[in-house]
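Breakdown of the fold
If you want the building blocks of each chain, they are given just below.
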Protein chains: 2
Amino acid sequence: MAATTPAAAPAPERKRRNAYHHGNLRQALVDQAVRTIRADGVEALTLRDVGAHLRVSRTALYRHFADKQALLVAVATEGFRTFRKELADAWDGAGRGREGFLAQGRAYIRFATENPSHYRVMFGGYVAKGDCGAELAAESEAGFRVLVDALVELQHAGLVRRDPPLELAVFVWGAVHGAAMLAIGGQVVRPDGASAAAAAYTAERVWDAVKAPAR
Amino acid sequence: MAATTPAAAPAPERKRRNAYHHGNLRQALVDQAVRTIRADGVEALTLRDVGAHLRVSRTALYRHFADKQALLVAVATEGFRTFRKELADAWDGAGRGREGFLAQGRAYIRFATENPSHYRVMFGGYVAKGDCGAELAAESEAGFRVLVDALVELQHAGLVRRDPPLELAVFVWGAVHGAAMLAIGGQVVRPDGASAAAAAYTAERVWDAVKAPAR
DNA sequence: ACCTGAACACCGTTCAAGT
DNA sequence: ACCTGAACACCGTTCAAGT
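The rules behind these values
- Residues numbered from 1 in each chain as written.
- Chains lettered and ligands numbered in written order.
- Predicted model: local features only at pLDDT ≥ 70, side-chain atom pairs only at ≥ 80, totals over all residues.
- Heavy atoms only, no water.
- Helix = DSSP H or I, 4+ residues; strand = E, 2+ residues; numbered from the N terminus.
- Buried < 20%, exposed > 50% of the residue type's maximum accessible area, 1.4 Å probe, protein only.
- Contact = heavy atoms within 4.5 Å.
- Areas by Shrake-Rupley, 256 points an atom, 1.4 Å probe, with all protein chains shown as cover.
- Axes fitted to C-alpha atoms, helices over the stretch in contact; angles between N-to-C directions.
- Parallel < 35°, antiparallel > 145°, perpendicular 65-115°, else oblique.
- Nonpolar A, V, L, I, M, F, W, Y, C, P; charged D, E, K, R; others polar.
- Phe/Tyr/Trp six-rings, centres within 6.5 Å; stacked < 30°, edge-to-face > 60°.
- Lys NZ or Arg CZ within 6 Å of the ring centre and 35° of its normal.
- Buried area = accessible area lost by both parts, 1.4 Å probe.
- Salt bridge = Lys/Arg side-chain N within 4 Å of Asp/Glu carboxyl O.
- Polar contact = N/O pair within 3.5 Å; in protein donor to acceptor, adjacent residues only side chain to side chain.
- Domains from an automatic or database assignment.
- Least-squares fit on C-alpha atoms with pLDDT ≥ 70 in both.
- Left-handed = near helix turned anticlockwise from the far one by under 90°.
- Expected span 1.5 Å × (residues − 1).

1. Considering the overall build of chain A
Looking only at helices and strands, one finds 8 helices and 0 strands in chain A. Its helices and strands taken in sequence order, chain A reads α-α-α-α-α-α-α-α from the N to the C terminus. Counting every position in chain A, which comprises 215 residues, the buried fraction comes to 46%. Within chain A, residue pairs in contact and separated by at least 24 positions form 72% of the contacts whose partners lie at least 6 positions apart. Carbon and sulfur atoms make up 52% of the accessible area of chain A, which amounts to about 11,200 Å² in all.

Have a look at this one:
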């Protein structure tokens, strides 16, 4: 049987006396990092703090990760996994086609606004060094592929212009990514309310940018 | 007469013996920070290092800035100043209209790809806290206004759809910002060559997204 | 006013050592 | 194998002191 995570209490009160603590320390470390990042942002993430919350020495982490960067890579990887799932669900759930495309765009921005700190870890360049993270690369490419596949299908249906799908996908990804960053950044413009409406507007404008020209 | 900056040599060789060193330490600090950021990225920026390059104690900075964050705000502010100038020049230089809009989009992405680290300080959320930086806010809003004004003019000429200009501008800014981030991030997609061509493609797609619908 | 040098608290990481 | 505690190098920041 897989062990359920034992100690997820927000207030770390209980004292454990056992010597070897966790059944799955690696996952517990990632989960705790995600919690801290969600609550206080990446810059507040401290290895010492992660260890303290898990009642574990601050160096125990090095048994499972090469360094702090590797922990962040794991966080980003997990983010991309659920991210991709939400994109694919939106596309399928709205019945593909034009509506599916719009739903996917809205889902993208919704993910970012609901998990701003996590999203920043995924795209903020904290991870971009390219050193490690074959799994991260695979996971993020899988998310990108959801979009590419949708665009190809829309092209075959005659709904989207017949530019090279990769070029098209980079534009779409960039446009939605930029809208997401502005929505969660507070830079230049403040969200001030209906970010869902802004997301819908963005999705529609992007559709106009890529739809097949009238003939 | 205004003093010209005296010591901008890349290799800090010369030894100054004077007691009170710089005529304009504040500007020298910003310049040095920009140099370090451009060369090695934000994460390599260290107050100790800035001081060492300027042959100044590492705490001298606190006479001119409240903390490291304030120095980064100054860097971002200066970035926004030249950024806005390049956008306005592109718009005017291409004779406004549709061509001006496309030129402005290309200039935006060019600035980002030519000054990736500086661009990240401006938009990477290193500065977003909103504490200080009234000047920063004014400068970044001025850049945004270049775009809004252009869109309004294009609307009056019947070239751009008559959505609320602010909504329109947020979309355009986001789309180009996202393309710029992807171009300099190495995330999801690698630039692998003609980033100028990608910029031109992005600008054209954005134009299709905002142009007045055929009637 | 402007700058310095010593000191402080905090961080990521290493390493010899325990079970 | 997995975890610990002490130690190291480095960081931003503070502060009493110098000119």
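Read on for the rest.
2. Regarding the environment of E43(A)
For E43(A), the position within the fold is in the loop between α1 (25-40) and α2 (47-53). For the pair E43(A) and S117(A), spaced 74 residues apart in sequence, the C-alpha to C-alpha distance is 9.8 Å.

3. Details of the packing of helix α1 (residues 25-40) of chain B against helix α3 (residues 68-93) of chain B
All names here are of chain B. Contact pair α1 / α3: the axes reach a minimum separation of 10 Å and the direction vectors enclose 80 degrees. As the angle between them shows, α1 and α3 are arranged roughly perpendicular. Listed contacts from α3 to R26, Q27, L29, V30, D31, A33, V34 and I37 of α1 are L71, L72, A74, V75 and E78. In terms of residue class, the contact of α1 with α3 is built from 9 nonpolar, 1 polar and 3 charged.

4. Re the packing of aromatic side chains
In this description, an aromatic ring pair is defined by two values, namely the gap between the centres and the angle between the planes. Taken as a whole and judged by the stated rule, the model has 26 aromatic pairs over all chains. Relative to Y119(A), the ring of F83(A) lies with its centre 6.4 Å away and its plane at 80 degrees, an arrangement referred to as edge-to-face. With a gap of 36 residues between them, F83(A) in helix α3 (residues 68-93) and Y119(A) in helix α5 (residues 116-123) connect regions that are remote in the sequence. The exposure class assigned to Y119(A) is buried, which follows from its relative accessible area of 0%. With 4.7 Å between their ring centres and 40 degrees between their planes, Y119(B) and F123(B) make a pair best called tilted. You can see Y119(B) and its partner F123(B) sitting in helix α5 (residues 116-123), 4 residues apart, about one turn around the helix. Considered together, Y119(B) and F123(B) belong to a single accessibility category, that of buried residues. For the cation-ring pair, R205(A) lies above Y201(A), with the distance from its terminal atom to the ring centre recorded as 5.1 Å.

5. Thoughts on the interface of chain B and chain A
Facing 33 residues of chain B, the contacting portion of chain A comprises 34 residues. Taken over both partners, the interface formed by chain B and chain A buries close to 3,000 Å², and the fraction arising from carbon and sulfur atoms is 64%. Our count for the contact surface shared by chain B and chain A stands at 4 salt bridges. A salt bridge links D208(A) to R161(B), with the shortest nitrogen-to-oxygen separation between them at 3.2 Å. Here chain B is connected to chain A by 6 residue pairs in polar contact (both at pLDDT 80 or more).

6. Remarks on the domain arrangement of chain A
Residues and elements named next belong to chain A. Domain boundaries assigned for chain A yield domain 1 (20-66) and domain 2 (68-210). Taking only C-alpha atoms, the centre of domain 1 and the centre of domain 2 are 28 Å apart. Each partner contributes residues to the interface: domain 1 has 16 residues there, and domain 2 has 13 residues. For the pair domain 1 and domain 2, the two sides together bury roughly 1,300 Å², of which 71% comes from carbon and sulfur. Between domain 1 and domain 2 we count 0 salt bridges in total. Looking at side-chain class alone, the side of domain 1 that touches domain 2 contains 11 nonpolar, 2 polar and 3 charged residues.

7. Remarks on the pattern of salt bridges
Residue and element names in this part refer to chain A. Counting across every chain of the model gives 24 salt bridges over all chains. For R81, the salt bridge identified is with E135, shortest N-O distance 3.6 Å. Within this pair, whereas R81 is found in helix α3, its partner E135 is found in helix α6 (residues 134-156), the two being separated by 54 residues in sequence. The partner of K85 in a salt bridge is D89, with the nearest N and O atoms 3.1 Å apart. Of this pair, K85 and D89 are both found in helix α3, 4 residues apart, which corresponds to roughly one turn of the helix.

8. Observations regarding the relation of the copies chain B and chain A
With an RMSD of 0.0 Å, the fit of chain B onto chain A corresponds to turning through 180 degrees and sliding 0.0 Å along the axis. Here the symmetry operator amounts to a two-fold rotation axis.

9. A few points about unusual backbone geometry
All names here are of chain A. Positive phi outside glycine occurs at R55, with the angle close to 55 degrees. Take R55: it is sitting in the loop between α2 and α3. The class for R55 is partly exposed, based on a relative accessible area of 31%.

10. Quick look at the side chain of R205(A)
Turning to its location among the elements, R205(A) is positioned in helix α8 (residues 195-210). Within the local environment of R205(A), its side chain forms a polar contact with the side chain of D208(A), the two groups lying 2.5 Å apart.

11. Looking at the packing of helix α7 (residues 165-185) of chain B against helix α8 (residues 195-210) of chain B
Residues and elements named next belong to chain B. Running from N to C, α7 and α8 cross one another at 160 degrees; their axes reach a closest spacing of 10 Å. Classified by the angle their axes make, α7 and α8 are roughly antiparallel. Every pair of crossing elements has a handedness; the one defined by α7 and α8 is right-handed. Contact with α7, carried on its side by L168, F171, V172, A175 and A179, involves T202, V206, A209 and V210 of α8 and no other residues of that element.

12. Considering helix α4 (residues 97-114) of chain A
Taking 1.5 Å as the rise per residue, α4(A) with 18 residues should run 26 Å; its terminal C-alpha atoms sit 26 Å apart, in good agreement. Here α4(A) has its buried residues at G97(A), G100(A), F101(A), L102(A), A103(A), Q104(A), G105(A), A107(A), Y108(A), I109(A), F111(A) and A112(A).

13. Brief notes about the environment of A138(A)
Take A138(A): it is sitting in helix α6. Once the C-alpha coordinates of A138(A) and T77(A) are considered, the two residues, 61 residues apart in sequence, prove to be 8.9 Å apart.

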